[in-house]
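Below, each chain spelled out in residue letters.
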Amino acid sequence: MKEFEYLKDLVFNAGRKLLEWREEEFSVNTKSSKFDLVTSLDFRVQDFLYNELTKKFPEIGFLAEEDGFDKKPSTKGYWVIDPIDGTVNFAKGIPNFCISAAYVEDDEPLYGVIYAPVMNQLIYAEKGKGVYENGKKVIPHWNKDIESSMISLGNLRGHTYKFFRALENNVMRVRLLGTAALQIAYVGTGNLDAFISVKGNSWDVAAGYIIVKEAGGIITDYSGNKATIFNKKAIYSNPYIHERLLKIIQGVQI
Ligand code: IPD
Ligand code: CA
Ligand code: CA
Ligand code: CA
């Protein structure tokens, strides 16, 4: 699909620019609380993507984290963008951050791209076409038993430890990489076996959603029902461990 190729190149270019821009001075400010950061480059990446996408596809709506774009557009098709996912990592110079972009129609992601520029990992998927990383088709080699699995988490201040406590005796490792989007992408590539979202926004999960779906993963809410990109709490899982993981998560009181 022409638009998908365009988005892939655009997100890649935005990531390369971000690496250049961070060599110059940029500002870091607090956002909703003293624990929540946003940088001038979050806005710069978002402006770049907004300008390029709306110039080329004026009929497609735009939903993104920063700058008043966080309301769902009324158009049938819309972009869902997180200009930097993992802003705190980015601000602290930790390489785990990415740009996440998806095209969504009737609230279902049809294609998505996640680019982690420091690692130069471009992970993407289009409905019906599987998952690719840097041009190579990915077959995820997921663990079949939960004891060998790598489970990643988002965070919910004051509650994250409850998930840790419930998981740590049942799984190989629990990881918090500080970027929801990249962790979901890593479920799609098989590096991780699941990501548990505890307060996800659509821009954190939309691109990862189609990546996990195309990999053959399962995405549900904590009750085991199909989740959409608007579910704050969801499990993005390899199919082998999903049921056992669900049982563990259902025991967590938050
Ligand atoms: C955050 C990161 C973090 C997750 C938060 C997100 P941001 O996104 O993905 O890992 O735990 O829920 O808000 O603010 O860095 O784009
Ligand atoms: Ca943020
Ligand atoms: Ca985010
Ligand atoms: Ca962000």
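Conventions we followed
- Residues numbered from 1 in each chain as written.
- Chains lettered and ligands numbered in written order.
- Predicted model: local features only at pLDDT ≥ 70, side-chain atom pairs only at ≥ 80, totals over all residues.
- Core = buried A, V, L, I, M, F, W, Y, C linked by C-beta atoms within 7 Å.
- Buried ≥ 20, exposed ≤ 12 C-beta atoms within 10 Å, placed from the backbone.
- Domains from an automatic or database assignment.
- Contact = placed C-beta atoms within 7 Å.
- Pairing = 2+ DSSP bridges.
- Helix = DSSP H or I, 4+ residues; strand = E, 2+ residues; numbered from the N terminus.
- Axes fitted to C-alpha atoms, helices over the stretch in contact; angles between N-to-C directions.
- Near = placed C-beta within 6 Å.
- Nonpolar A, V, L, I, M, F, W, Y, C, P; charged D, E, K, R; others polar.
- pLDDT = per-residue confidence, 0-100.
- Parallel < 35°, antiparallel > 145°, perpendicular 65-115°, else oblique.
- Left-handed = near helix turned anticlockwise from the far one by under 90°.

Student: Quick question: what am I supposed to make of the nonpolar core here?
Tutor: In globular proteins that are soluble, nonpolar side chains generally tend to be buried together. Ranked by size, the top nonpolar core spans 73 residues in total, and within it Val80, Ala101, Ile114, Ile184, Ala194 and Ile211 carry the most contacts. Counting contributing residues per domain, this core is built from domain 1 (2–137) and domain 2 (146–250), each supplying no fewer than three. Aside from chain neighbours lying at most four places away, what touches isoleucine 211 is Gly112, Ile114, Ile123, Ala125, Val131, Ile184, Ala185 and Gly188.

Student: Explain the sheet that holds strand β10 (residues 150–153) to me, please; I cannot follow it from the model alone.
Tutor: Strand pairing in a sheet relies on backbone hydrogen bonds. The paired strands run either parallel or antiparallel. What the 5 strands build is an open sheet, ordered β11-β10-β12-β14-β13; its pairing is mixed. Strands with a single pairing partner mark the edges of an open sheet, and in this sheet they are β11 (173–175) and β13 (218–220). Across the sheet, the axes of successive neighbouring strands diverge by a mean angle of 15°, strand direction being ignored. Of the strand pairs in this sheet, strand β12 (residues 194–197) and strand β14 (residues 234–237) are connected by 4 bridges, and their pairing is antiparallel.

Student: Which parts of the structure should I look at to understand the environment of serine 197?
Tutor: Residue position: serine 197 is located in strand β12. Serine 197 sits in the buried class, given 26 other C-beta atoms within 10 Å. Ignoring any residue separated from it by four or fewer positions in sequence, one finds serine 197 in contact with Gly154, Ala180, Val205, Lys233 and Ala234.

Student: Hey, could you run me through the site of ligand 1 in this one?
Tutor: Taken together, Glu65, Asp82, Asp85, Gly86, Thr87, Gly154, Asn155, Gly178, Thr179, Ala180, Lys199 and Asp204 are the residues near ligand 1. Classifying every residue of the shell around ligand 1 gives 1 nonpolar, 6 polar and 5 charged. A domain split of the shell around ligand 1 shows at least three residues from each of domain 1 (2–137) and domain 2 (146–250).

Student: When you look at the domain arrangement of the protein chain in this model, what are you seeing that I'm missing?
Tutor: A common way to state how big an interface is: give the accessible area lost once the parts meet. One can read the domain layout of the protein chain as domain 1 (2–137) and domain 2 (146–250). Measuring from the centre of the C-alpha atoms in domain 1 to the corresponding centre in domain 2 gives 20 Å. The interface of domain 1 with domain 2 comprises 33 residues on the first partner and 23 residues on the second. Of all the elements in the fold, those that place two or more residues in the side of domain 1 that touches domain 2 are β3 (61–64), β4 (77–85), α3 (87–92), β5 (98–105), β6 (108–116), β7 (121–126) and β8 (131–133). The dominant element in the side of domain 1 that touches domain 2, judged by the number of residues it contributes, is β6, at 7 residues. Of the residues assigned to the side of domain 1 that touches domain 2, the class counts are 20 nonpolar, 6 polar and 7 charged.

Student: Just checking my understanding: could you explain the confidence of the model for the protein chain for this structure?
Tutor: Any region with low pLDDT has predicted coordinates that should not be read closely. Mean pLDDT over the protein chain: 97, with 100% of residues reaching 70 or higher. Taken together, the chains of this predicted complex give a pTM of 0.98 and an interface ipTM of 0.98.

Student: It is not clear to me how the sheet that holds β4 should be interpreted in this structure. Could you clarify?
Tutor: An order of β3-β4-β5-β6-β7-β8-β9 is seen for the 7 strands of this open sheet, with the pairing classed as mixed. Where the open sheet ends on each side, the last strands, each with one partner, are β3 and β9 (136–137). Where β4 meets β5, 7 bridges bridge the pair, whose relative direction is antiparallel. If you follow tryptophan 79 over to β5, its bridge partner there is tyrosine 103. Strands in contact with helix α2 (residues 40–56) are β3, β4 and β5; relative to β4, the strand with the most contacts, it is inclined by about 155°.

Student: Is there a simple way to explain unusual backbone geometry in this structure?
Tutor: The phi angle of most residues is negative, glycine excepted, and most peptide bonds adopt the trans form. Despite not being glycine, aspartate 67 has its phi angle at roughly 70°, a positive value. Position of aspartate 67 relative to the elements: it lies in the loop between β3 and β4. For aspartate 67, a count of 13 C-beta atoms within 10 Å translates into the label partly exposed.

Student: How should I be thinking about the packing of helix α1 (residues 2–21) against α2 in this particular structure?
Tutor: If you want to describe how two helices pack, look at the angle between their axes and the distance between the axes. For the pair α1 and α2, the least separation of the axes is 10 Å and the interaxial angle reads 150°. What the angle tells us is that α1 and α2 run roughly antiparallel. The element α1 and its partner α2 pack so that their crossing is right-handed. Each of Tyr6, Leu10, Ala14, Lys17, Leu18 and Trp21 in α1 lies in contact with α2, whose residues at this interface are Leu41, Arg44, Val45, Phe48, Leu49, Glu52 and Lys56. Class assignment of the residues belonging to the contact of α1 with α2 gives a composition of 9 nonpolar, no polar and 4 charged.

Student: Just to check I follow, could you spell out helix α5 (residues 180–189) for this structure?
Tutor: Since the α-helix advances by 3.6 residues per turn, residues separated by three or four positions end up pointing in the same direction. By the criterion of burial, α5 is predominantly enclosed, with 10 of the 10 residues buried. Those residues of α5 that sit buried are Ala180, Ala181, Leu182, Gln183, Ile184, Ala185, Tyr186, Val187, Gly188 and Thr189.

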